[in-house]
Amino acid sequence: MQPQRRTILHVDLDAFYVSAEVRERPELKGIPVVVGADPEGGKGRGVVIACSYEARKFGLRSGMPISQAYRICPQAKYIPPSWGLYERTSEEVMATLRGFADKFEQGSIDEAYLDVTSGAADEQTAVKVATAVKSAVRQKHGLTCSIGIGPNKSSAKIASDRNKPDGMTVVPFRGVRGFLSPLPVGVVPGIGRKTGDFLHEKGISTIGQLQALDGKQLLTWFGKNGVWLWGVIHGEENVEVRQQEMPKSLSVERTFKDDATDFRLVRKEAADGAAELMRRVKSGGYAYRVAGIKIRFRGFETHTREKTLVSHVDDEEPLKEAVEGLLDEFEASGKPVRLIGVRVADIQRSASGPSRLDDWTVT
Ligand SMILES: [Mg+2]
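Counting starts from 1 at the beginning of each chain's written sequence and moves along it residue by residue. At least 70 in pLDDT is required for a residue's local features to be given in this predicted model, at least 80 for side-chain atom pairs to be given and counted, and no such filter applies to totals for whole chains, interfaces and linings, which use all residues.

**Quick word on the environment of W230**
Move 1: Helix and strand assignments follow DSSP, with helices taken as H or I runs no shorter than four residues and strands as E runs no shorter than two, numbered in order from the N terminus. Following the sequence through the fold, W230 ends up in helix α11 (residues 224-233).
Move 2: By the criterion used throughout, residues are in contact when their C-beta atoms, derived from the backbone, lie within 7 Å. With sequence-adjacent residues up to four places away left out, W230 is seen in contact with G215 and L218.

Given below as structure tokens:
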């Protein structure tokens, strides 16, 4: 049986953080702009978070030390990140994109997969949909994006990066192998520098050379990632676009075996709960703005407290601090504690995206 053919768009906003800034401050248009740490005249610590295409022409890249960027391009406009602006803008754009899709999956703050099969069964119709997506993003949000169109997620994602900014790249639905074959192995999501170096040592630099290998070889090198890789390079990858609903809140609760009379124990359980909660927050790629606790004393007397933070965050420290502070008022009561819970709410996509696949471990 033939697997059902899908039509997938991978939409990637162009230089998203910088574009969001330029939209707010048109005087930044057309000049080298760097979002990142304060360069402090070349002595600054920290890194470039994002840079405009004009800055990239000077060789600036995200992840580069800000001091190095400043040496290369002191005339660039250096601005600190405005996470609130990026999150808000992303949410608005994603809402627009969602409207075009049968199924919608946000990949990170600035990219998403749209399954548009019902309205676009072939490449030609898909191009029309993608054109409509691009013009909606431009008109409603003043931003440009690049779109890859393919019969599966991996080929669409690879394609969206082929022609940036403001580009559109179509993978022939019945010719994925041929499309991928001349491309360097590094374009495959999951093949980072380490895996790339390993393959280069084996004399493999293009996807075509990977395609020529026996599947068993990939299995030996990469374990179960090798199975996935085989699917990707042969155009057989068939992972569904997964419609995700954002949880409204996440929480953990612990009931003491024996009601706790030592409040240090309550604090310790709360801290452990916060750590566990943060693992879920991170793996979901979320950020939170509300941190809360729930405490239940012997006899079922239950209280909840929460604290709203200044902005959305995706690290553990603000949660721990808030939990510590919220517990203070209950410490003096001296009542035995039956249950302690920790909660985060007002959840959004994290600006840094879901924790990504690390470079594959070569086995
Ligand atoms: Mg992008």
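**Description of the domain arrangement of the chain**
Move 1: Entries for the chain in the domain assignment read domain 1 (8-14 + 85-233), domain 2 (18-84) and domain 3 (249-346).
Move 2: The domain limits used here are those given by an automatic or database domain assignment. Its C-alpha centre places domain 1 at a distance of 40 Å from the equivalent point of domain 3.

**Some thoughts on the environment of N238**
Move 1: Position of N238 relative to the elements: it lies in the loop between α11 and β9 (249-260).
Move 2: In this structure, the C-alpha to C-alpha distance between N238 and W228, residues 10 residues apart in sequence, is 9.5 Å.

**Structural notes on the confidence of the model for the chain**
Move 1: Per-residue confidence for the chain gives a mean pLDDT of 91; residues scoring 70 or more make up 95%.
Move 2: Values of pLDDT, which run from 0 to 100, indicate the predictor's confidence residue by residue. Throughout residues 353-363 the model reports pLDDT below 50, and contacts reaching past four residues in sequence, or to other chains, amount to 25 contacts.

**Considerations on helix α1 (residues 16-24)**
Move 1: Partly exposed residues are those falling between the two cut-offs: more than 12 but fewer than 20 other C-beta atoms within 10 Å of their own, whereas 20 or more means buried and 12 or fewer means exposed, with C-beta atoms placed from the backbone. Burial analysis of α1 places seven of its nine residues in the buried class, the great majority of the element.
Move 2: Where α1 is buried, its residues contact β1 (8-13), β2 (33-36), β3 (48-51), β4 (77-79) and α4 (83-98).

**Considerations on the nonpolar core**
Move 1: If you look at the biggest cluster of nonpolar residues, it comprises 63 residues, and the most contacted ones within it are L9, V34 and L114.
Move 2: Element by element, the count of residues in this core is highest for α1, at five residues.
Move 3: Residue-level mapping places this core at the junction of two domains, with at least three residues from each of domain 1 (8-14 + 85-233) and domain 2 (18-84).
Move 4: Beyond its immediate sequence surroundings of up to four residues, V34 is in contact with V48, C51, A55, L60, A69, A76 and Y78.
Move 5: The term nonpolar core refers to a group of buried residues, namely Ala, Val, Leu, Ile, Met, Phe, Trp, Tyr and Cys, whose C-beta atoms join them within 7 Å. A260, A270, A274 and A291 belong to the second largest nonpolar core, which has 21 residues in total.

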